Amino acid sequence: MKRLSRPGPGEALLLTANRLLDGRIIWCDSAGSWHEDIRRAAQMTLEKAEMALETEAQQAQKKGLVGLYEVLVKVGPVPQPVSVRERVRAFGPTVHPDFAYPSAGAQPSILEESP
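Quick caveat, the model's predicted, so the values are computed rather than measured. (Residues numbered from 1 in each chain as written. Predicted model: local features only at pLDDT ≥ 70, side-chain atom pairs only at ≥ 80, totals over all residues. Heavy atoms only, no water.)

Colleague: I would appreciate a short explanation of the side chain of R89 in the present structure.
Modeller: Along the polypeptide, R89 turns up in helix α2 (residues 84-91). Overall, the relative accessible area of 10% leaves R89 in the buried class. Side-chain polar atoms of R89 contact the side chain of T16, separated by 3.1 Å. Of note is the side chain of R89, whose polar atom sits 3.0 Å from the side chain of E86. (Helix = DSSP H or I, 4+ residues; strand = E, 2+ residues; numbered from the N terminus. Buried < 20%, exposed > 50% of the residue type's maximum accessible area, 1.4 Å probe, protein only. Polar contact = N/O pair within 3.5 Å; in protein donor to acceptor, adjacent residues only side chain to side chain.)

Colleague: Where do I start with the sheet that holds strand β2 (residues 25-28) in this structure?
Modeller: Strand pairing in a sheet is mediated by backbone hydrogen bonds. Such pairs are either parallel or antiparallel. Strand order in this open sheet of 5 strands is β3-β2-β1-β4-β5, and the pairing throughout is antiparallel. In this open sheet, the two edge strands, each paired with only one partner strand, are β3 (34-35) and β5 (80-81). As defined by bridge partners, strand β1 (residues 11-19) adjoins strand β4 (residues 65-74) across 8 bridges and the pair is classed as antiparallel. Paired with R19 across the bridge in β4 is L65. Strands β1, β2, β3 and β4 of the sheet are contacted by helix α1 (residues 46-63), whose axis makes an angle of about 160° with β4. (Pairing = 2+ DSSP bridges. Contact = heavy atoms within 4.5 Å. Axes fitted to C-alpha atoms, helices over the stretch in contact; angles between N-to-C directions.)

Colleague: Is there a simple way to think about the layout of surface pockets in this case?
Modeller: A water-sized probe rolled over the atoms picks out the places where empty space is left. Approximately 170 Å³ is the volume found for the second largest pocket. Taken together, 14 residues form the lining of the second largest pocket, with C28, D29, S30, G32 and A52 sitting closest to its centre. Ranked by residue count, the leading element in the lining of the second largest pocket is α1, at 6 residues. Taken together, the residues of the lining of the second largest pocket sort by class into 5 nonpolar, 5 polar and 4 charged. (1 Å grid on protein atoms, 1.4 Å probe; cavity = no way out; pocket = protein on both sides within 12 Å on 5 of 7 lines; lining within 4 Å. Points joined across faces, edges and corners; volume = space filled by probe spheres on them. Nonpolar A, V, L, I, M, F, W, Y, C, P; charged D, E, K, R; others polar.)

Set out below in structure tokens:
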């Protein structure tokens, strides 16, 4: 198993994957259910993320998941992924606000640097 990112102060880990059926980006909640909205994702410590990743990896085929991994985020009501790549996956394209995912409403530009 690969080594997970280590969250610093004010950071957490989320689990993400793609749904095999349609390729949509999905996020894991604390009950092991998967949702398209990052706001429903469980914000975890390193230890909890390791356990959850192992559990979900064992059930990935049954749940129709591919590309399962963790994402480092700034904690908050709407977790903010640290990397630009993950911000695009969470909130949609950078080209025009009309093309953003509904969960991105009223979020800062994904290209803005976090404080």
